[in-house]
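# Understanding the architecture of this molecule
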Amino acid sequence: MIIAAGGGRRLGSPEALLCRGDRLLVSCMIDTMVAAGCEQLVVVLGSAADEVRAAADLSPATVVVNRASGAGVGSSIRAGLAALADERVEAVVVVPVDMPGLTPEAVRRVAALPYPDVLACATYDGLRGYPMLFGRRHWAGIATLAGADIGARPYLLAHKDQIVDIACDSVADGNRVDTPELMALYGLTVPPQRVGV
């Protein structure tokens, strides 16, 4: 599941529409997940959903539009989990679109335990981050407790002894792009049609 619903108020563009070279960040993340071997993809859009659909090839994924995305990432996680109706899916890897340093290897590491009772988090310098792996038995609890801007954190804190930490420092960069300075560091730009919007 790719959470690509943010409005990117501090960045001048929704994160999904940021460009890395001539490619949109959402397209780059889809490529990362496909290369990692994810069999089904769900992309949760929110802000500028129609614009993202028009600009990006989302055909490898099921697209969910979270009309309440302004309420924070928790609502996007709930929308994405609700779209996973296939009972054969026992676990879901969750990533935000704004991690240009994420690699297929990191996703594969975290996804290596695709069981219904698993909770796993990538770690970077000992701190938990994305990707996260949520087993199906946890989905209802995560959806119930998912907070506005803190997502699954309340549920994860309540189940911290069950989380499998998976070090990804050596294979990926856990930074999320949330400032213009980080945009510049990763070579991300606002699409020309959105400059000044």
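Before reading on, note that the structure itself is shown above.
This write-up is about the structure you can find in this document.

To continue, consider the pairing of strand β5 (residues 62–65). Sheet topology note: the strand β4 (residues 42–45)/β5 ladder contains four bridges and is parallel. Opposite leucine 45, over in β5, you have valine 65 as the bridge partner. Traced from β4 through helix α2 (residues 49–55) to β5, the parallel crossover comes out right-handed.

Another point: the environment of serine 13. Tracing the backbone through its elements, the reader meets serine 13 in the loop between β1 (2–4) and β2 (19–20). Residue serine 13 is classed as buried on the basis of its relative accessible area, which comes to 1%. A C-alpha to C-alpha distance of 12 Å links serine 13 and leucine 24, two positions 11 residues apart in sequence.

Here we come to the nonpolar core. Within soluble globular proteins, side chains that are nonpolar tend to cluster in buried spots. In terms of nonpolar packing, the biggest core is built from 59 residues, with Ile2, Val26 and Phe134 touching the most fellow members. Apart from residues no more than four positions distant in its own chain, valine 26 is found in contact with Ala4, Ala16, Val43, Val52, Ala56, Leu58 and Val97. Among the nonpolar cores identified, the runner-up in size contains eight residues, and Leu11, Val177, Leu182 and Leu188 belong to it.

Moving on: the layout of surface pockets. If you add up the space inside the second largest pocket, you get close to 510 Å³. Around the second largest pocket, the lining is made up of 22 residues, and of these Cys38, Glu39, Gln40, Val89 and Ala91 lie nearest the centre. Counting only elements with at least two residues in the lining of the second largest pocket, the list comes to β6 (91–96) and α4 (104–110). With three residues, the single largest contributor to the lining of the second largest pocket is β6. Considered class by class, the residues forming the lining of the second largest pocket number 15 nonpolar, two polar and five charged.

This part covers the sheet that holds β4. Taken together, seven strands build an open sheet; the order of strands is β5-β4-β1-β6-β8-β7-β9 and the sheet is mixed. Single-partner strands in this sheet number two, and they are β5 and β9 (163–167). Strand-to-strand, the axes of this sheet are offset by a mean angle of 25 degrees, without reference to chain direction. Relative to β4, β1 is paired through three bridges, and the arrangement is parallel. Residue pairing for β4: alanine 4 is matched across the bridge by leucine 45. Those strands touched by helix α3 (residues 73–82) are β1, β4, β5 and β6, and its axis lies near 140 degrees from that of β4.

The next subject is the pattern of salt bridges. On inspection of all chains with the given rule, the structure shows seven salt bridges. When the shortest N-O distance is used, the salt bridge between arginine 176 and aspartate 98 registers 2.9 Å. One end of the pair, arginine 176, is in the loop between β9 and α7 (180–185); the other, aspartate 98, is in the loop between β6 and α4, with 78 residues separating them in the sequence. Among the residues examined, arginine 176 registers a relative accessible area of 36% and is labelled partly exposed. Across the salt bridge formed by arginine 128 and aspartate 165, the nearest N and O atoms sit 2.6 Å from each other. Residue arginine 128 is located in strand β8 (residues 127–135), and its partner aspartate 165 is located in strand β9; the two are separated by 37 residues in the primary sequence. Judged by its relative accessible area of 42%, aspartate 165 is partly exposed.

Conventions we followed
- Residues numbered from 1 in each chain as written.
- Predicted model: local features only at pLDDT ≥ 70, side-chain atom pairs only at ≥ 80, totals over all residues.
- Heavy atoms only, no water.
- Pairing = 2+ DSSP bridges.
- Helix = DSSP H or I, 4+ residues; strand = E, 2+ residues; numbered from the N terminus.
- Right-handed = clockwise from strand over helix to strand, strands pointing away.
- Buried < 20%, exposed > 50% of the residue type's maximum accessible area, 1.4 Å probe, protein only.
- Core = buried A, V, L, I, M, F, W, Y, C linked by side-chain atoms within 4.5 Å.
- Contact = heavy atoms within 4.5 Å.
- 1 Å grid on protein atoms, 1.4 Å probe; cavity = no way out; pocket = protein on both sides within 12 Å on 5 of 7 lines; lining within 4 Å.
- Points joined across faces, edges and corners; volume = space filled by probe spheres on them.
- Nonpolar A, V, L, I, M, F, W, Y, C, P; charged D, E, K, R; others polar.
- Axes fitted to C-alpha atoms, helices over the stretch in contact; angles between N-to-C directions.
- Salt bridge = Lys/Arg side-chain N within 4 Å of Asp/Glu carboxyl O.

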